[in-house]
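Letter by letter, the chains look like this.
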Amino acid sequence: MSLVRKKFKQFIVEGGMRLYEQGLTVGTWGNLSIRDPETNLFYIKPSGMPYPEIRTDDIVVMNEKTEIIEGHRKPSIEFNFHIAIMNHREDVNSVIHYHPVYSSVFGVLYEDIPGIGEDFVQLVGDRVINCKYALPGTKALADNVVEGMADRNAVIIPNHGTVCVGGDFETTLKTIHVVEKTAQIYILAKSIGTPNLIDPVDIAAMQDFARNHYGQDK
Ligand SMILES: [Zn+2]
């Protein structure tokens, strides 16, 4: 195994354990993948294995045509949408799919999570919508996820779970927490009153600031 491949496989093993320890997945559910931008190869969690039992040898390496390049395990059944998203989005190198509580409420009601906080609109998008339903593991679901996500960094799969993406694993993990926190705040706000949404003009201004001006001078 090359050193580069070993490093990316290790990212998946450790990333999976962090999802597991942070309560973002239960049992063998949820899955994650990372792209090596140098080789355009995808490193994906194996199917149906509990996170604490996964070792680097179990990680499956695939290419953009969803062919297995290396590995003796079957990849996560959702490899289709992981690879479809990254084929479609050059800015995405990390995809995490999980079955959370609060954002799944919106997937049961088929409602959007609206832009109600500045962290959410900067990191995720103006809102998170539900994609069209399709059965888990199908190519139809991959098409629906890519279409529903568009240029945002998260999408809800109705009656199923959520998909978050980012340029790297750390950003994607942050996005998961912001989506889940926003869903929780919105549910609480609705339970005692009428939530106030951010004006679309202000959302666009904050997104421009986050993209072009935030942080130390470049
Ligand atoms: Zn799932």
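Let me sum up the structure you'll find in this document.

### As for the packing of aromatic side chains
Each aromatic ring pair is characterised by the separation of its centres together with the angle its planes make.
Thinking step 1. Applying the stated criterion across every chain yields a total of 4 aromatic pairs.
Thinking step 2. Seen from their ring centres, F8 and Y43 are 5.1 Å apart, and the 20° between their planes marks the pair as stacked. With a gap of 35 residues between them, F8 in helix α1 (residues 3–21) and Y43 in strand β2 (residues 41–44) connect regions that are remote in the sequence.
Thinking step 3. You can call Y43 buried: its relative accessible area is 1%.
Thinking step 4. Three or more aromatic residues link up through ring pairs in this structure, and these residues are F8, F11 and Y43.
Thinking step 5. Over the face of the ring belonging to Y51 we find K45, whose NZ or CZ atom lies 5.0 Å from the ring centre.

### What about the layout of surface pockets?
Over the atoms, a rolling probe the size of a water molecule traces out where space has been left empty.
Thinking step 1. The computed volume of the largest pocket comes to approximately 340 Å³.
Thinking step 2. For the largest pocket, the lining is made up of 14 residues, of which Q122, L123, D151, N153 and R211 are closest to its centre.
Thinking step 3. At the level of elements, α4 (118–123) and α7 (200–212) are the ones that each hand at least two residues to the lining of the largest pocket.

Conventions adopted
- Residues numbered from 1 in each chain as written.
- Predicted model: local features only at pLDDT ≥ 70, side-chain atom pairs only at ≥ 80, totals over all residues.
- Heavy atoms only, no water.
- Phe/Tyr/Trp six-rings, centres within 6.5 Å; stacked < 30°, edge-to-face > 60°.
- Helix = DSSP H or I, 4+ residues; strand = E, 2+ residues; numbered from the N terminus.
- Buried < 20%, exposed > 50% of the residue type's maximum accessible area, 1.4 Å probe, protein only.
- Lys NZ or Arg CZ within 6 Å of the ring centre and 35° of its normal.
- 1 Å grid on protein atoms, 1.4 Å probe; cavity = no way out; pocket = protein on both sides within 12 Å on 5 of 7 lines; lining within 4 Å.
- Points joined across faces, edges and corners; volume = space filled by probe spheres on them.

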